Amino acid sequence: MTLCFTGIRSFPKLWKSNPYLGLSLGHSFLSLFLKDRYGIREQQKWFSLKTVSAQNTKAVNLLVAKSRYGRKGDEGSNKEVSSDSHLFAAGAARKRSQMNPLGEDHALPPVRNTIQLPTKPLNSEEWDKLKEDFKGKANFASWIISQMAHSHSSVDVAKSLLAWVAAKNNGIVGYDLLVRYLYLCVFHKQTSEVIDVYEIMKARYRRLEPGAYTLLIQGLVHSDRWKEALLLLEDVKKVLIPSVRNYNDCIEGALLHQDVSLAWNLYQELLGRDLTPMLKTLKAFFDFGKNVKDDQYSNKLLDILLYLRNNHLYPEESFAHSIKTWFESVPGEQWKGQFTTIKESGQCSGCGKTMESIHLSPEEYEFLKGKIMRDVIDGGDQYKKTTPQELKRFQSFVKCCPPFDIVIDGLNVAKTFPKARESQVLLDVVSQLAKQNLQLLVLGRKHMLTQHSRWRKDEMKKVQKQASCFFADNISEDDPFLLYATLHSGNHCKFITKDLMRDHKACLRDAKTQRLFFKWQQGHQLAIINRLTSSKITFQHIPSYNTVVQTTGDSWHIPYDEDTVERYSYEVPTKWLCLHRKT
């Protein structure tokens, strides 16, 4: 995306009196293009950047002087996964993708320009030479400043580039170059440089675009002029809803400068806008709380933990350490924390307490069942591939059968092991489950009944003898059938498929229902992890406990993300912080 800025006047003598570059006064109008790199949303917007009538020459000269003197696959594979984790355990998807190299993305590496980024400020001749060596089609200055921002180059090097650009363009420095320079100043925490750029922008423009506001707020909160970041936040509010990052930076600035009341007010305002706070924002409150001996402040921190619970959010490892440190610092409470895991039985390995069950209460189940029937079965997009008549035929079929114990996505399960014959895999699964006297339903497509090298009629007849079967049209969508049959059979019924059903979860229209669906899914979805030569099938265990922040009053158990484990959004952590009061 490109944002267009029109009617911006040149910066007169912006980089004058450079020891290498001689500049002359120049004025012009130009259109500038700023690529979406600094937090600008993926939609085209036009911002009229109006110049202030009186030029702040002092502010411009601040930066001029400084330029003269130089100063950071997801549905998985069909192969076995470690049996000590469940389908939704953090890192499980990554393990599955590593075991399935055919599923990896073999994209070609990006074409790189052979130019080496300078490590020290260059003079005019040196920049001229570097431009001659540039083989790319992009604008050289834009390309090089983008690479500098990506590589977190030195502020001094970037400053020499801007001085060279100004000399070549009659004192004009493009808006995109200036913002990327600001990015480097913020990254390297060069507060005085940030203030100088801020003065220039404040003198030139009544309004900026969101990316520039974000950088200025982030840079100013660490200075003694931090309250001016709040004025910028108010400017943003006049145009759009501030970003979570904007609020985070202002909250951190307030805490940094000991204005606790302001920090909490901004936090409540953020929640009031239905925004999800950054975890680093919540961590900042706990870090600050180590030196606060106040019951009201402590209660607000406990409310943050309940917010994590209610929204299924998980702190990062450093945040978990901050929580532990705060609890242990509360005077007179005698809290003790340890990092641990939860056993398959749901017992904490540290203190022995049992975690909350993964299974829904009867009220939760009925609520979820009604929502899925309305939003997914009746109101979803399944009719793009499934006719209402076929779905009605299936519903009548299910009502005529006793409640099922396990519903099997036949085609999905049959393709679990690509080298094996599909009808044989399905038969092995059904036969093993049938020996346990379970009421089974196999959902499939009509083509599975046609003799083929991958589908043998005799094996499919054996499947039909051991399980109820429903074969839909070949173009039909399986998932609505699977969800309907499982939910209709009752809370005890499990289902088998590799499909993680994220599309159907997205059909649910509110966060509460989506969280209940995921909780139900974790407690009911079986996954196949191995098939031995003896045709024995191994299933991954279903967790018995709910992976959310939980408390009993004298204990807290908080699941957290390990730094070294990549967790997908549909997975849950496997490591826990156990906190309990000493007795």
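Residues numbered from 1 in each chain as written. Predicted model: local features only at pLDDT ≥ 70, side-chain atom pairs only at ≥ 80, totals over all residues. Heavy atoms only, no water.

- Identification of the chain as Mitochondrial ribonuclease P catalytic subunit from Neovison vison is taken from an unreviewed UniProt entry.
- Quoted verbatim from the Subcellular location (unreviewed entry) field of UniProt, the annotation for the chain is "Mitochondrion". (UniProt positions renumbered as here; feature names shortened; annotations may be inferred.)

Overview of the overall build of the chain
Logical step 1: For the chain, the helix and strand inventory stands at 22 helices and 12 strands.
Logical step 2: In the chain, buried positions account for 50% of the 583 residues. (Helix = DSSP H or I, 4+ residues; strand = E, 2+ residues; numbered from the N terminus. Buried < 20%, exposed > 50% of the residue type's maximum accessible area, 1.4 Å probe, protein only.)

Thoughts on helix H3 (residues 124-133)
Logical step 1: Listing the buried residues of H3 in full gives Ser124, Trp127 and Leu130. One face of H3 carries all of its buried residues, which in axial projection span an arc of 125 degrees. Seen from the open side of H3, the exposed residues pointing more than 90 degrees away from its buried face are Glu125 and Glu132.
Logical step 2: Buried-residue contacts for H3 involve helix H4 (140-151) and helix H5 (155-168).
Logical step 3: Where H3 starts, the residue carrying a side-chain oxygen 3.2 Å from the main-chain nitrogen of Glu125 turns out to be Asn123. (Arc of directions from axis to C-beta. Contact = heavy atoms within 4.5 Å. Polar contact = N/O pair within 3.5 Å; in protein donor to acceptor, adjacent residues only side chain to side chain.)

Overview of the sheet that holds strand E4 (residues 406-409)
Logical step 1: One open sheet holds the six strands; their spatial order is E6-E5-E4-E7-E8-E9, and the pairing between them is mixed. For this open sheet the edge positions go to strand E6 (468-472) and strand E9 (537-540), each flanked by a neighbour on one side alone. With strand direction ignored, the average angle separating the axes of adjacent strands in the sheet is 30 degrees.
Logical step 2: Relative to E9, strand E8 (residues 525-531) runs antiparallel, the two sharing four bridges. Across the sheet, the residue bridging to Arg531 is Ile537, located in E9.
Logical step 3: Packed onto the sheet, helix H18 (residues 422-434) meets E4, strand E5 (440-445), strand E7 (494-496), E8 and E9 and runs at close to 75 degrees relative to E9.
Logical step 4: Contacts from helix H19 (residues 457-466) reach E5 and E6 within the one sheet, and its direction differs from that of E6 by about 125 degrees. (Pairing = 2+ DSSP bridges. Axes fitted to C-alpha atoms, helices over the stretch in contact; angles between N-to-C directions.)

Overview of the packing of H4 against helix H6 (residues 175-187)
Logical step 1: The contact between H4 and H6 brings their axes to 9 Å, and the two run at 15 degrees. Considering their axes alone, H4 and H6 lie roughly parallel with respect to each other. You can see that H4 and H6 cross each other, and the crossing is left-handed. Between H4 and H6, the contacting residues are Ala141, Ser142, Ile145, Ser146, Met148 and Ala149 on the first element and Asp176, Leu177, Arg180, Tyr183 and Leu184 on the second.
Logical step 2: The residue makeup of the contact of H4 with H6, split by class, is seven nonpolar, two polar and two charged. (Parallel < 35°, antiparallel > 145°, perpendicular 65-115°, else oblique. Left-handed = near helix turned anticlockwise from the far one by under 90°. Nonpolar A, V, L, I, M, F, W, Y, C, P; charged D, E, K, R; others polar.)

A short note on the pattern of salt bridges
Logical step 1: All told, the structure shown has 26 salt bridges when counted by the stated rule.
Logical step 2: The salt bridge involving Glu228 is made with Lys202; its shortest N-O contact spans 3.9 Å. Here Lys202 lies in helix H7 (residues 191-204) and Glu228 lies in helix H9 (residues 227-237), a separation of 26 residues in the sequence.
Logical step 3: Here Arg421 and Glu459 are joined by a salt bridge, their closest N and O atoms 2.4 Å apart. Here Arg421 is found in the loop between helix H17 (410-414) and H18, whereas its partner Glu459 is found in helix H19, with 38 residues between them in sequence.
Logical step 4: Three or more residues joined by partner-sharing salt bridges are found here, namely Glu199, Lys202, Arg225 and Glu228. (Salt bridge = Lys/Arg side-chain N within 4 Å of Asp/Glu carboxyl O.)

Focus on the sheet that holds strand E11 (residues 555-560)
As a general point, the strands of a sheet are linked pairwise by backbone hydrogen bonds and lie either parallel or antiparallel.
Logical step 1: Pairing in this open sheet of four strands is antiparallel, and the strands run E3-E12-E11-E10 from one edge to the other. At either margin of the open sheet sits one strand with a lone partner, and together these are strand E3 (335-340) and strand E10 (550-551).
Logical step 2: Taken together, the six bridges between E3 and strand E12 (residues 575-581) define a ladder with antiparallel strand orientation. The partner of Gln338 across the bridge, within E12, is Cys578.
Logical step 3: Most of the contacts of helix H14 (residues 317-329) go to E3, to which it runs at about 155 degrees, and overall it touches E3, E11 and E12.

What about the packing of H3 against H4?
Logical step 1: In the contact formed by H3 and H4, the axes pass within 11 Å of each other and the chain directions differ by 100 degrees. Taken together, H3 and H4 sit at an angle that is classed as roughly perpendicular. Contact residues: H3 offers Trp127, Leu130 and Lys131, while H4 offers Phe140, Ile144 and Met148.
Logical step 2: Looking at the contact of H3 with H4, its residues break down into five nonpolar, no polar and one charged.

Details of H14
Logical step 1: Counted at 1.5 Å a residue, the expected span for H14 with its 13 residues is 18 Å, and the 18 Å between its end C-alpha atoms agrees.
Logical step 2: When H14 is considered as a whole, its buried residues turn out to be Phe319, Ala320, Ser322, Ile323, Lys324, Trp326 and Phe327.
Logical step 3: Structurally, H14 contributes buried residues whose contacts are with helix H12 (279-289), helix H13 (295-310), E3, E11 and E12. (Expected span 1.5 Å × (residues − 1).)

Regarding the environment of Asn530
Logical step 1: Structurally, the position occupied by Asn530 is in strand E8.
Logical step 2: Along the backbone, Asn530 and Thr416 are 114 residues apart, and their C-alpha atoms lie at a distance of 9.2 Å.

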